[in-house]
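Overview (structure and organization)
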Amino acid sequence: MAGGRGQSAAARYRGRLVVVACITAVVLVSQIAGGIMANSLALVSDALHSATDVTGVLMALIAAHLAVRPATDRRTFGYYRLEILAAMVNAVLMFGVAIWIFTQAWERFFRPPAVAGGLVLVVALIGLAVNAVSMVLLHRGQRESAAVRGAYLEVLGDLLGSLAVVAAAAGIRLTGWYVIDPIASVIVAVMILPRAWRLLREAIDVLLEATPKGMDLSTVREHLLARPGVAGVHDLHAWTLTSGLPVLTAHVVLEDGQADGARLLEELHECLRGHFDVEHSTIQLEPPGHAAHEGAGHA
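Only a predicted model underlies this, so the values are computations on that prediction, with no experimental measurement involved.

Regarding its fold elements, the protein chain presents nine helices and three strands. In the protein chain, the order of α-helices and β-strands from amino to carboxyl end is α-α-α-α-α-α-α-α-β-β-α-β. Relative to the globule expectation of 19 Å for 299 residues, the C-alpha radius of gyration of the protein chain, 25 Å, shows a markedly less compact shape. Seen along its three principal axes, the alpha-carbon backbone of the protein chain occupies a region of about 85 × 35 × 30 Å.

Structure below.
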């Protein structure tokens, strides 16, 4: 698993993650300062969302850095799974932020304080522009990495949150209804929840070693059985080591008279690489009848 194909997906986008973290941190500071000065929960909520953006990107960077460490006898797959753990922690933080926003908005809904709508509008527009740039930087990487996807989804939600804050600020300026501010805050919190759940669910699937997304094991079995010299396939397992790195193991029963096991083994590995993008596969070749000696734990 060396080389470019064995590299963590998050590691391939490390430079862009650094840029996004830096510019998001600048927006975070401006939103916190602006929210306090304007007495706006909506802007503070957007700032907290930006904080989860920065946290998510930093965790992705740390995971990408550690993932390139070589494997050891104790950790035979290295530290690839750290990226998935980072995505899970990020999702939990997003849930916490959403719950805090809900509680604060509930208190302000019945006694809304005065809000400086003009200042909120300016800061929110700056955040909107920066989030748009960050989304462009992470768009490609979010298709390959759970950690990058977590950062991308947070930036997307923050962009939508900035839109909600812009609309709220404009509404306050036009009507003077300060209750719009906590309403906008709730909108920001609601947008966080489904993304947090999706990210958490994907991380759990990887940790539980579910079949990689988009891979049908019955189709994999059919491809392996279609190779000349293969009589059967059992103990077929596939899971995701980390984003973009699927792993597969299988026991392949040879037909009687199949002597060139080395050639067949290479054909099977090539089949998995070419059709299912599985670079790391372990295949055990067996003579007919060998499965009967493997015990009940093999299927």
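Still more to cover.
Once that is clear, we can look at the packing of helix α2 (residues 14–38) against helix α5 (residues 117–138). Interaxial distance between α2 and α5 falls to 10 Å at its minimum, and their mutual angle equals 165 degrees. In terms of orientation, α2 and α5 fall into the roughly antiparallel class. α2 and α5 meet at a crossing whose hand is left-handed. In this structure, α2 uses Arg16, Leu17, Val19, Val20, Ile23, Thr24, Val27, Ser30, Gln31, Gly34, Met37 and Ala38 to contact α5, whose residues at the interface are Leu119, Val120, Val123, Gly127, Val130, Val133, Ser134, Val136, Leu137 and Leu138.

The next point concerns the pattern of salt bridges. Under the defined criterion, the tally for this structure stands at five salt bridges. Arg108 serves as the salt-bridge partner of Asp181, at 3.8 Å between the closest nitrogen and oxygen. Here Arg108 lies in helix α4 (residues 82–110) and Asp181 lies in helix α7 (residues 180–207), a separation of 73 residues in the sequence. The residue Glu267 makes a salt bridge to Arg227 at a minimum N-O spacing of 3.6 Å. On the criterion of sequence distance, the pair formed by Glu267 in helix α9 (residues 261–276) and Arg227 in the loop between α8 (217–225) and β1 (230–242) is long-range, its members being 40 residues apart.

If you walk through the whole model with that rule in mind, you get two aromatic pairs. Pairing Trp106 with Phe110 gives two aromatic rings, centres 5.0 Å apart and planes at 80 degrees, and the pair type is edge-to-face. One end of the pair is Trp106 and the other is Phe110, both in helix α4 and four residues apart, which spans about a single turn. Assigned by exposure class, Trp106 and Phe110 land together as exposed. Ring centres of Phe109 and Phe110 lie 5.5 Å apart, and the angle between their planes is 90 degrees; on these two criteria the pair is classed as edge-to-face.

Next up on the list: the environment of Trp239. By the secondary structure assignment, Trp239 is in strand β1. Taking the relative accessible area as the measure of exposure, Trp239 reaches 15% and is therefore buried. The sequence separation of Trp239 and Leu208 amounts to 31 residues, and the corresponding C-alpha distance is 8.7 Å.

The next subject is the side chain of Asp235. With respect to the helices and strands, Asp235 occurs in strand β1. At 2.8 Å, the side chain of Asp235 and the side chain of His234 are in polar contact.

What follows concerns the nonpolar core. The nonpolar side chains of a soluble globular protein tend to be buried, and buried together. Residues Val220, Leu224, Val233, Leu236, Leu248, Leu268 and Leu272 are the most contacted members of the largest nonpolar core, which totals 17 residues. Going through the elements one at a time, α8, β1, β2 (245–254) and α9 are the ones with two or more residues in this core. If near-sequence neighbours (up to four positions away) are discounted, Leu224 is found in contact with Val230, Val233, Leu236, Leu268 and Leu272. Among the nonpolar cores identified, the runner-up in size contains 15 residues, and Ala21, Val57, Val148 and Ala151 belong to it.

Analysis parameters
- Residues numbered from 1 in each chain as written.
- Predicted model: local features only at pLDDT ≥ 70, side-chain atom pairs only at ≥ 80, totals over all residues.
- Heavy atoms only, no water.
- Helix = DSSP H or I, 4+ residues; strand = E, 2+ residues; numbered from the N terminus.
- Rg over C-alpha atoms; globule rule 2.2 N^0.38 Å.
- Axes fitted to C-alpha atoms, helices over the stretch in contact; angles between N-to-C directions.
- Parallel < 35°, antiparallel > 145°, perpendicular 65-115°, else oblique.
- Left-handed = near helix turned anticlockwise from the far one by under 90°.
- Contact = heavy atoms within 4.5 Å.
- Salt bridge = Lys/Arg side-chain N within 4 Å of Asp/Glu carboxyl O.
- Phe/Tyr/Trp six-rings, centres within 6.5 Å; stacked < 30°, edge-to-face > 60°.
- Buried < 20%, exposed > 50% of the residue type's maximum accessible area, 1.4 Å probe, protein only.
- Polar contact = N/O pair within 3.5 Å; in protein donor to acceptor, adjacent residues only side chain to side chain.
- Core = buried A, V, L, I, M, F, W, Y, C linked by side-chain atoms within 4.5 Å.

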